[in-house]
Amino acid sequence: MQLPLKKSIFYYWSFFFACTLLFCGPARAAVAAERKEVAAAAGTAEVVISGFVRDASSGESLSSANLVFRGARNYNIATNAYGYYSISVPDGNYQIEVSHVGYRTQETTFTVLRDTIASFALQSLGQLDEVLIRTDRTEDQLRSPLMGLSRVAISELKQVPVLFGEADLLKTIQLLPGVMSGGEGSSQFFVRGGMGDQNLILLDGATVFNASHLFGFFSTFNSDAIKDVDLHKGGMPAQYGGRLASVLDIRMIEGNNKQFHGEGGLGLIASRLKLEGPLIRDRSSFMLSGRRTYADLFLKLSGDPDINQSQLYFYDLNLKANYQIDARNSVFLSGYFGEDRLGYSDLFKFGWGNATASLRWNHILHNRLFSNSTFVYSDYDYQVDIINENVDFVIASSIRNINFKQDFHHYTGPGSTLRFGADLRFQVIQPTQIEAEENSEINSLPIEKRRGSELAAYVSHEWNPTSFFSMNYGLRLTNFLLFGPGTFYDYSALESSVAASPVDPPAQYYGKGALVQYYLALEPRISLNLRLGPNSSIKSAYNRNSQMIHQLSNTTSSLPTDAWVMSSNNIKPQIADQLSLGYYRNLGNNRYEASVEAYYKDMKHQIDYRDAADLQANTHLESELVYGTGRAYGLEWYLKKNSGRWNGWISYTLSKSERRFEQINQGSWFNARQDRTHDLSAVLIYELGRNWTLSGTFVYATGNAVSLPSGKYEVQGETFYYYTERNGYRMPEYHRLDLAATYERPAGKYFSSSWSIGIFNAYNRKNAYIIDFRQNEQLPRQTDIYRIALFGAIPSVTWNFKF
Amino acid sequence: MVQNMVERMTLLLRGWPLFLVGFLLMGCEDLITLDVQEVSPQFVIVGEINNRESRHEVTIHRTVPLSSSNAMAPVSGATVRVLDGLGRFYEYNEVEPGLYRSRLFRGQTGMEYKLEIAVEGTDFQATSNMPEIVLIDSLGTSSGNFMGEENKFVTLKFYDPPNKSNYYRYTLRVNEGAPRFMSVFDDKYNDGKFVTHELINFDMKLQPNDYVRVQRQHIDQATFLYWRSVSSSNPTASAPANPPSNISNGALGYFSAYSLLEYEMTIPQ
């Protein structure tokens, strides 16, 4: 099947519009019918109340704010990700209660006779008040049909002690149930037995391909610039897709549109500065936030020219600006740029980084119909420059993405919201290639670019027919196309479990824009919530997810050179089906929330590697892959205390994650590396008086499943170790306690500051990073086993300020 | 040279966290004990044929548990023979437990050899092609300062034959010591170029006036993959595995027919 480029683009757009129309038409009819019905039943007129909820002092929109309309009957609605709500109720008198975590609850009485726009501005609570009087937003978890969803409040994030004293989003979410750390000090994370590349990380809608700095010790997300974060690990609503395990949806701060403010910090490793303020008061604002490490400054102190010429740093920059054109339209521009630089002497220079930009237009088409259009550019690349007398060359790779997303929120009637939209994405991957000078000792090794596109369309309906039952069901359709130009090889005939460049595999050349491969995935999603009483509910969800793009890595640490590949004639899309069931209960007048969730996940077309696979600059990269299946299941317990001087949470996960590949482990099931039977995290925060906050984190986890030798032998005088079962051993158990204390200086009128001191790994536990087998130097026939730990106790101190 | 650069880079990248440990002096290592599974021993077969020597050897052993004070367990009583591309058989005799030596024959470049072993009711087979010799242009030394340590390396320069995959393996004997494996190279990045091979082994420090003998072996792809896997194994690999063997029936080890060049030199000041 070969389609010229123009034709295929046309095909796309028609598909896109057809889907939009298809969803729109019935939706409108349904609304009209429902409206009449409701009005007729009540003998009253139905009116629509809509508007925004914002922060009173900064003008930031507040997502997930809860609105309760108390009248003859009670109605509930939560604001969407952009702070907008719309609800239809019978006309009459209402007492309206607006609440949001960290804000003082607002109550107003209204008589609503016709369609009304009502926007609310909430006063934020002081630091201390916030913990003493938290709102009843925990009701959310009982009311919403969504499950497997965790929200992290930025105020919490900043109190959790972490490595090097840098508040870190990705390390904090690792403390949630079902989320596992990627390793010591790593910002990589694994959700419900999935791999690291099965998490979709979105920053203001843009995909972030490499979420870590300095090989994972820092995440790319500067917590100063983040407004809120949602982590979906199961029961994902249909507007999200593209990865198997989770969606981490991060939204940046918009910027204060009333007053100019700054915020920053000086730490041992990195410093930060954020500025925000109005461009046009109440209408437009900006936010600019930057961060840079300075570990390399210490290198400069070295007398060794190899060391002091070396580079080792990263920086990142977040910016955002918005403009409210009128009451119905606002536009937002946001961007992220980050880069790591690593250089050793004059031997090589290595740089990598992400850049994302998104332009968003929020438009209220109608008081029931909210539209969000986003245009996104996202890019990740790395480059290694090697400079030497007779060899000058560059190793480089990149992945570029342009996508356009259109989302509609249609508030069709009381307790009924329809969401539909489409997501059109063009993607170009330049696999790792080598460019060398003409007279260089090496040849250039060009590798063809790969071009593909993904078109997804979705529709979902959140429906609360009664106060004790709600559901969210939907369907997502993902269409993947791989285009020429390029030569595509077929490796289906390869049988060996050992990697070896295949000799003349069947090849076919495709011209520019010609269709090479086509995949279509239908992803049904449904979640149900049955309220058992005022304090508890039961939820259940099923969802299918597909993944068209895959990251290849055969090391334990996440490296910036780990390649992304698209699905192709050889690589099929990964598919996961997940079933989950949960019980939720609020205790002690909503001061505590508790939940237990069980899940089972079945994964198809998982990827692993042949023995001795060569994943770098390899034309036949796809010949190195083997395909299999996976399954993961577990139970997650969570208990959180939301208010009082003491607060925090405990999460415990009991789980299993396994894989099966015909070519590995004689085709029998083996534990995935990140399979940790027990995984426990506890976070405790204590407000000590007005100025001091103490916090502590404890983590305990079963060791990773690893492959270790079970025997030894000698070849030409060298000892070799004999490996048998894949991941048949366990690393020693992992546990660690981190502590932190923050002293808030009494605030001045224009300036306030605080000191945070912390200690990572407070009792200096030597957690094994690597188990190493070596022959004893004195007794060469004796095998010694060493445990290598990465970090002992690490103190940190940070000075933070605000003005 | 280039491959060394790539290797150095990969080394640095992979060893990055460990490098940081060294740099920040925060981590540490200690001796531990670990419960190791009892597994049934596996056959280890190593056979080489070259174009220099007139007798060739095959060793047959079994793996031993990690706790064993033996290096491995010799396997006696095997029937070992090699069949060449012209249908000639070469019988091997056991000269000491686990060591089998051939009758007189010299390997020929361009020839395919097939190893056949029958032992304890199991048959093993492997084939290997002996590649042609690629003469070198010059032999010398280079010095490199890596992680603050001055090291000297033996270097060889030569023209790699174009449009053809070539694989090289080097061993080095210092002052009449035992030959040690240094490195393997392919020509993935420098096919047909004037190539420099720099023999780097951080466990071996060459001193001025050391007398060294370099053995350059022209090996086939399977042997290359075996030794590349050996030299690139590192503790951060997510799934360390046995080097891929070209011998049937799950035996560990390899069978390699290679052509050989040998050079000697004294390390200059």
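S.K.: Help me understand the overall build of chain B in this model?
M.R.: Looking only at helices and strands, chain B features 3 helices and 17 strands. By the burial criterion, 35% of the 269 residues in chain B qualify as buried. Of all intrachain contacts in chain B linking residues separated by at least 6 positions in sequence, the fraction that spans at least 24 positions is 62%.

S.K.: So what exactly am I meant to see when it comes to the overall build of chain A here?
M.R.: Counting its secondary structure elements, chain A contains 7 helices and 50 strands. Its C-alpha atoms give chain A a radius of gyration of 27 Å, within 12% of the compact-globule value 28 Å for 803 residues. Once the C-alpha set of chain A is aligned to its principal axes, its extents read approximately 90 × 65 × 50 Å. Among the 803 residues that make up chain A, the fraction classed as buried is 49%.

S.K.: How do you make sense of the nonpolar core when you look at a structure like this?
M.R.: In a soluble, globular protein the nonpolar side chains are often hidden away together inside. Counting residues in each nonpolar core, the largest one holds 88 residues, and the members touching the most others are A:I173, A:L202, A:I226 and A:L248. A:L248 has contacts with A:N199, A:L200, A:I201, A:L202, A:V229 and A:L231, leaving out every residue within four places of it along the chain. In terms of nonpolar packing, the next biggest core, distinct from the first, is built from 53 residues, A:Y713, A:Y722, A:Y723 and B:Y100 among them.

S.K.: When you look at the environment of A:L146 in this model, what are you seeing that I'm missing?
M.R.: Residues and elements named next belong to chain A. Tracing the sequence through the fold places L146 in the loop between α3 (139–143) and β9 (149–153). As for L146 and N570, which are separated by 424 residues in sequence, their C-alpha atoms are 36 Å apart. For L146, the residues in contact, after removing those within four places along its chain, are G235, P237, N472 and S527.

S.K.: Even after reading the chapter, I still don't get the pairing of strand β12 (residues 199–203) of chain A, so can you show me in this structure?
M.R.: In summary, the side chains of a regular strand alternate between the two faces of the sheet. Residues and elements named next belong to chain A. Here β12 lies mainly inside the structure; 5 of its 5 residues are buried. Alternating positions in β12 separate into two faces, N199, I201 and L203 on one and L200 and L202 on the other, with burial throughout. Of the strand pairs in this sheet, β12 and strand β17 (residues 246–252) are connected by 5 bridges, and their pairing is parallel. By the bridge assignment, N199 is partnered in β17 with S246. As defined by bridge partners, β12 adjoins strand β13 (residues 206–207) across 2 bridges and the pair is classed as antiparallel. Its bridge partner lying in β13, L202 is registered against T207. The turn joining β12 and β13, which pair antiparallel and follow one another in sequence, is formed by 2 residues; a positive phi near 45° is taken by D204.

S.K.: When you look at the environment of A:Q663 in this model, what are you seeing that I'm missing?
M.R.: Summarising the element assignment, A:Q663 is placed in the loop between β38 (646–661) and β39 (670–671). Considered as a pair, A:Q663 and A:P414 are 249 residues apart in the sequence and their alpha carbons are 55 Å apart.

S.K.: Explain the sheet that holds strand β16 (residues 226–232) of chain A here, please?
M.R.: An order of β9-β16-β17-β12-β13 (chain A) is seen for the 5 strands of this open sheet, with the pairing classed as mixed. Edge positions in the sheet fall to β9 and β13 of chain A, since each of these pairs with one other strand and no more.

S.K.: Would you take a moment to explain the interface of chain A and chain B for this structure?
M.R.: Tallying the contact residues gives 58 residues for chain A and 61 residues for chain B. Among the secondary structure elements, those contributing two or more residues to the side of chain A that touches chain B are β24 (369–387), β43 (709–715), β44 (718–723), β48 (768–775) and β49 (783–789) of chain A. In terms of residue class, the side of chain A that touches chain B is made up of 27 nonpolar, 17 polar and 14 charged.

S.K.: Just to check I follow, could you spell out the sheet that holds β48(A) for this structure?
M.R.: Pairing between the strands of a sheet is mediated by backbone hydrogen bonds and can be parallel or antiparallel. One open sheet accounts for 3 strands, arranged β48(A)-β49(A)-β1(B); its pairing is antiparallel. Looking along the sheet, the strands with just one partner apiece sit at the ends: β48 of chain A together with β1 (28–32) of chain B. In this sheet, neighbouring strand axes are inclined to one another by 30° on average, regardless of whether the strands run parallel or antiparallel. Summarising the sheet, β49(A) and β1(B) pair through 5 bridges and their orientation is antiparallel. Following the sheet pairing, A:A789 is matched in β1(B) by B:C28.

S.K.: Would you mind showing me how to read the confidence of the model for chain A here?
M.R.: Segments scoring low in pLDDT should not have their predicted coordinates read at a detailed level. Considering every residue of chain A, the mean pLDDT works out to 86; 91% of them sit at 70 or more. Confidence drops under pLDDT 50 across residues 128–137 of chain A; counting only partners more than four residues distant or on other chains, this segment forms 24 contacts.

S.K.: It is not clear to me how unusual backbone geometry should be interpreted in this structure. Could you clarify?
M.R.: Comment: phi is negative for the bulk of residues other than glycine, and the bulk of peptide bonds are trans. Residues and elements named next belong to chain A. Going from G484 to P485, the amide bond is cis rather than trans, its omega being 5°. Structurally, P485 is set in the loop between β28 (469–483) and β29 (486–489). Although it is not a glycine, Q716 adopts a positive phi angle of roughly 50°. Looking at the element boundaries, Q716 is found in the loop between β43 and β44.

S.K.: I tried to follow the confidence of the model for chain B on my own but got confused; where do I start?
M.R.: Averaged over all residues, the pLDDT of chain B is 86; the fraction at 70 or higher stands at 87%. Predicted as a complex, the structure gets a pTM of 0.89 and an ipTM equal to 0.91.

S.K.: Is there a simple way to explain the environment of B:P243 in this structure?
M.R.: In this fold, B:P243 is placed in the loop between α3 (221–232) and β17 (252–266). Judged by C-beta crowding, with 22 C-beta atoms within 10 Å, B:P243 ranks as buried.

S.K.: Please explain α3(B) as it appears in this structure.
M.R.: In an α-helix, one full turn covers 3.6 residues, which means residues spaced three or four apart are oriented alike. All names here are of chain B. The terminal C-alpha atoms of α3 lie 16 Å apart, and with 12 residues this matches the ideal 16 Å at 1.5 Å per residue to within 8%. Regarding α3, the residues found buried are A222, T223, F224, L225, Y226, W227, R228 and S229. Those residues of α3 that are buried lie in contact with β10 (122–129), β13 (167–174), β14 (180–186), β16 (211–219) and β17.

S.K.: Got a minute to help me understand the pairing of β43(A) in this structure?
M.R.: Across the 7 residues that make up β43(A), a large majority, 7, are buried. By the bridge criterion, 6 bridges tie β43(A) to β44(A) in an arrangement that is antiparallel. The residue of β44(A) that forms the bridge with A:V715 is A:E718. Linking β43(A) back to β44(A) in an antiparallel pair, the connection comprises 2 residues, with A:Q716 at a positive phi of about 50°. Pairing geometry for β43(A) and strand β4 (residues 64–65) of chain B, over 2 bridges, is antiparallel. In the sheet register, A:G711 faces β4(B), and the bridge partner there is B:P65.

What counts as what
Residues numbered from 1 in each chain as written. Chains lettered and ligands numbered in written order. Predicted model: local features only at pLDDT ≥ 70, side-chain atom pairs only at ≥ 80, totals over all residues. Helix = DSSP H or I, 4+ residues; strand = E, 2+ residues; numbered from the N terminus. Buried ≥ 20, exposed ≤ 12 C-beta atoms within 10 Å, placed from the backbone. Contact = placed C-beta atoms within 7 Å. Rg over C-alpha atoms; globule rule 2.2 N^0.38 Å. Core = buried A, V, L, I, M, F, W, Y, C linked by C-beta atoms within 7 Å. Pairing = 2+ DSSP bridges. Nonpolar A, V, L, I, M, F, W, Y, C, P; charged D, E, K, R; others polar. Axes fitted to C-alpha atoms, helices over the stretch in contact; angles between N-to-C directions. pLDDT = per-residue confidence, 0-100. Expected span 1.5 Å × (residues − 1).

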